[in-house]
Structure formats: C-alpha cells, structure tokens
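# Overview (structure and organization)
Residue strings, one per chain:
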Amino acid sequence: MTFALNNSLFKASLQRLLAVSPLPSSQARLTACTSQELEFLHTNDMISDEAHATIQQSLAPTRDKLKIAKYVVTCTFTHEKQGAAELHVDKGQVFEVLDDENKHWYMGRVRGGEGVIGWAPKNKFRMGD
C-alpha cells in the first residue's frame, strides 16, 4: 500500500511539474515547492536526466522573472560577508538558490531573511533543508 501511495504521489508531482509552463497565465502556479519536487523526482530516479534538463529549461524564464528558487541548501559553516555582493549566512540557515551557474558560488537569499539577494560560497552548504 505504501509503495502504491508513494508512486501515486510521484506521478502527481510529475504531472504538476509538466502542467506548469513559463506563460504569464500560469505564473501563479509556479512555486518553490515545484522546484523541490523536481529535484526530489530527479534525485530518486523517477525522471531521467534528459527530462530533468528539459523541465528545468522550461521553468527558467518564469523562475527568473519571479525570483523563485531553483532549490534550497543548508549552511553547514557560517559564512561571513566579505564583499558588498556577498551575504552573511549562519550555520543551519536555509539558503534559496536562484542561480548556480558559477562553479564556486550560489546566488540567492536566506530563507526567512530580509529578501536580500547576494552570493555565498558553495563549499559552505549541503543539499536540502
């Protein structure tokens, strides 16, 4: 019974992700939860790498426009702000990643913070919240 329920939840999450499009009429349906669901499905091999890339690409324009996080990470070591573009992040705080294209840095914001967007080093975080 549990497997069937989990399988149904995976299917529902995937259907919800596929129903979201980057068109203005569906922007209200795109949430941070959508990105977490996508990452969960991909991490648990419920969707292929190709499907993951395609969905991420289709979500990118809307995510950028609305400043919705791609995923979240948790700070494992406090990062002290060292430059104007960096953020101070305390150990244990959840960081919403908006951009991860840079090899060594995340661009995002501290969840529950003031909403300020800035940079933090990737080596101070672990995946998830």
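Everything below is about the structure shown above.
The present account deals with the structure reproduced in this document.

Conventions we followed
- Residues numbered from 1 in each chain as written.
- Predicted model: local features only at pLDDT ≥ 70, side-chain atom pairs only at ≥ 80, totals over all residues.
- Heavy atoms only, no water.
- Helix = DSSP H or I, 4+ residues; strand = E, 2+ residues; numbered from the N terminus.
- Buried < 20%, exposed > 50% of the residue type's maximum accessible area, 1.4 Å probe, protein only.
- Contact = heavy atoms within 4.5 Å.
- Areas by Shrake-Rupley, 256 points an atom, 1.4 Å probe, with all protein chains shown as cover.
- Salt bridge = Lys/Arg side-chain N within 4 Å of Asp/Glu carboxyl O.
- Phe/Tyr/Trp six-rings, centres within 6.5 Å; stacked < 30°, edge-to-face > 60°.
- Pairing = 2+ DSSP bridges.
- Axes fitted to C-alpha atoms, helices over the stretch in contact; angles between N-to-C directions.

## Side note on the overall build of the protein chain
On a plain count of helices and strands, the protein chain comes out with three helices and five strands. Traced from its N-terminal end to its C-terminal end, the protein chain shows the element sequence α-α-α-β-β-β-β-β. Buried residues in the protein chain amount to 35% of all 129 residues. Long-range contacts, defined here as pairs at least 24 residues apart, represent 45% of the contacts in the protein chain between residues at least 6 apart. Of the accessible surface of the protein chain, which amounts to about 7,900 Å², a share of 56% is contributed by carbon and sulfur atoms.

## What about the pattern of salt bridges?
Summed over the entire model, instances satisfying the criterion amount to two salt bridges. One salt bridge connects arginine 109 with glutamate 96, and the closest N-O pair in it is separated by 2.7 Å. Of the two residues, arginine 109 sits in strand E3 (residues 105-110) while glutamate 96 sits in strand E2 (residues 94-99), which places them 13 residues apart along the sequence. Assessed through its relative accessible area of 16%, arginine 109 is described here as buried. Note on glutamate 96: relative accessible area 13%, which makes it buried. Here glutamate 96 and arginine 111 are joined by a salt bridge, their closest N and O atoms 3.2 Å apart. A residue pair is termed long-range when its members are at least 10 positions apart, and glutamate 96 in strand E2 and arginine 111 in the loop between E3 and strand E4 (118-121) qualify at 15 residues. Look at arginine 111 and you get partly exposed, because its relative accessible area is 34%. Residues joined in a network through salt bridges with shared partners are Glu96, Arg109 and Arg111.

## Things to note about the packing of aromatic side chains
Within this structure, the stated rule accounts for three aromatic pairs. With a centroid separation of 6.3 Å and 80° between ring planes, the pair formed by tyrosine 71 and tyrosine 106 is classed as edge-to-face. Taken together, the residues tyrosine 71 in strand E1 (residues 71-75) and tyrosine 106 in strand E3 connect sequence positions 35 residues apart. Using a relative accessible area of 12% as the deciding quantity, one classes tyrosine 71 as buried. Aromatic pair phenylalanine 95 and phenylalanine 125: ring centres 5.3 Å apart, planes at 40°, arrangement tilted. Pair noted here: phenylalanine 95 is in strand E2 and phenylalanine 125 is in strand E5 (residues 125-127), with a separation of 30 residues, a long-range link. Among the residues examined, phenylalanine 95 registers a relative accessible area of 0% and is labelled buried. Exposure remark for phenylalanine 125: the relative accessible area of 11% places this residue in the buried category. Members of the aromatic cluster, joined through ring pairs, are Tyr71, Phe95, Tyr106 and Phe125.

## A few points about the sheet that holds E1
Read from one edge of the open sheet, five strands run E4-E3-E2-E1-E5, paired in antiparallel fashion. Looking at which strands have only one partner, the edges of the open sheet turn out to be E4 and E5. Between one strand axis and the next, the sheet turns by 50° as a mean value, whatever way the strands run. Pairing analysis gives four bridges linking E3 to E4, with the strands arranged antiparallel. Within E4, the position partnered with tryptophan 105 by the bridge is proline 121.

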